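This is what each chain is made of:
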Amino acid sequence: LDALARRIGLTRLLDSAGVEKSVSAILGQIATWILVLVVFMAASEVLGIQSVEGFLNSVLGYVPNVIGAAATLLIGLILANFLADVVRHAAQAGGLDHTSALVVITRNAVVVFTIIAVLAQLGIAGDVMRALLYGAIAMVTIAGGLAFGLGGQGSAKRVLEGLEDELKGKKK
């Protein structure tokens, strides 16, 4: 498992995040805690403690969401790094300027969408995240429209004046 983690770049990702444990150690700890929860559930059921049993049932029922969110985060971060590398190589091959800016924008966009997906998987502030996403999309759209409108103002004026001259020429 650790060799696979090294091959796909997960070990490098964990190192950059400051995690000092191996992937197998992390999965071992997760399995240990799940097993502890199951044992506590069985013990509370045998002892007839309904409140503890209900609480542990809800915690254990939430574990698949946490595992799904962790998998989504992992895949999203790997995808962000992969797409950043693709954009870097494509921009360099195309001779584009500001390659590093394109790479940062690509990586951060994927990370932001990954975080939104993780929070949705965990059921945390879904409505707030959707509102923030819609606001960000609206902000980019409005900024693009303003930039295009203000930047293309002279060109639009020339085109309209040309149309006006053409129409006046046909009237005469």
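Residues numbered from 1 in each chain as written. Predicted model: local features only at pLDDT ≥ 70, side-chain atom pairs only at ≥ 80, totals over all residues. Heavy atoms only, no water.

On a plain count of helices and strands, the protein comes out with seven helices and zero strands. Reading the protein from its N end, one meets helices and strands in the order α-α-α-α-α-α-α. Projecting the C-alpha coordinates of the protein onto the three principal axes gives extents of approximately 100 × 40 × 20 Å. Taken across its 172 residues, the protein has 16% of its residues classed as buried. Residue pairs in contact within the protein that sit at least 24 positions apart in sequence constitute 43% of those at least 6 positions apart. As presented, the protein carries roughly 12400 Å² of accessible surface, and 70% of it is formed by carbon and sulfur atoms. The centroid of the 13 positive side-chain charges in the protein is displaced by 11 Å from the centroid of its 12 negative side-chain charges. (Helix = DSSP H or I, 4+ residues; strand = E, 2+ residues; numbered from the N terminus. Buried < 20%, exposed > 50% of the residue type's maximum accessible area, 1.4 Å probe, protein only. Contact = heavy atoms within 4.5 Å. Areas by Shrake-Rupley, 256 points an atom, 1.4 Å probe, with all protein chains shown as cover. Lys, Arg positive; Asp, Glu negative; His and termini not counted. Charge placed at Lys NZ, Arg CZ, Asp CG, Glu CD.)

Using the criterion set out here, one finds two salt bridges in the structure. Between Arg88 and Asp85 there is a salt bridge, with the nearest N and O atoms lying 2.8 Å from each other. Of this pair, Arg88 and Asp85 both sit in helix α4 (residues 50-94), three residues apart, which is roughly one turn of the helix. Overall, the relative accessible area of 31% leaves Asp85 in the partly exposed class. Measuring nitrogen to oxygen at the nearest pair gives 3.7 Å for the salt bridge that ties Lys168 to Glu164. In this pair, Lys168 and Glu164 are both assigned in helix α7 (residues 153-171), four residues apart and thus about one turn of the helix distant. Residue Lys168 is classed as partly exposed on the basis of its relative accessible area, which comes to 46%. (Salt bridge = Lys/Arg side-chain N within 4 Å of Asp/Glu carboxyl O.)

With that settled, consider the packing of helix α3 (residues 23-47) against α4. Axis separation between α3 and α4 bottoms out at 9 Å; the angle between their running directions is 155°. Accordingly, the angle class assigned to the pair α3 and α4 is roughly antiparallel. α3 and α4 meet at a crossing whose hand is left-handed. Counted together, Ile34, Leu37, Val38, Phe40, Met41, Ser44 and Glu45 of α3 and Val52, Glu53, Leu56, Asn57, Val59, Leu60, Val63 and Ile67 of α4 form the full contact between these two elements. Class assignment for the residues of the contact of α3 with α4 results in 11 nonpolar, two polar and two charged. (Axes fitted to C-alpha atoms, helices over the stretch in contact; angles between N-to-C directions. Parallel < 35°, antiparallel > 145°, perpendicular 65-115°, else oblique. Left-handed = near helix turned anticlockwise from the far one by under 90°. Nonpolar A, V, L, I, M, F, W, Y, C, P; charged D, E, K, R; others polar.)

Turn by turn, an α-helix covers 3.6 residues, leaving residues three or four places apart pointing in a common direction. Given a rise of 1.5 Å per residue, 24 residues ought to cover 34 Å, and the 35 Å separating the end C-alpha atoms of helix α5 (residues 99-122) matches this to within 8%. Along α5, the positions that sit buried rather than exposed are Thr99, Val103, Thr106, Val110, Thr114, Ile116, Val118 and Leu122. After α5 finishes, the residue Gly123 shows a positive phi value of roughly 75°. (Expected span 1.5 Å × (residues − 1).)

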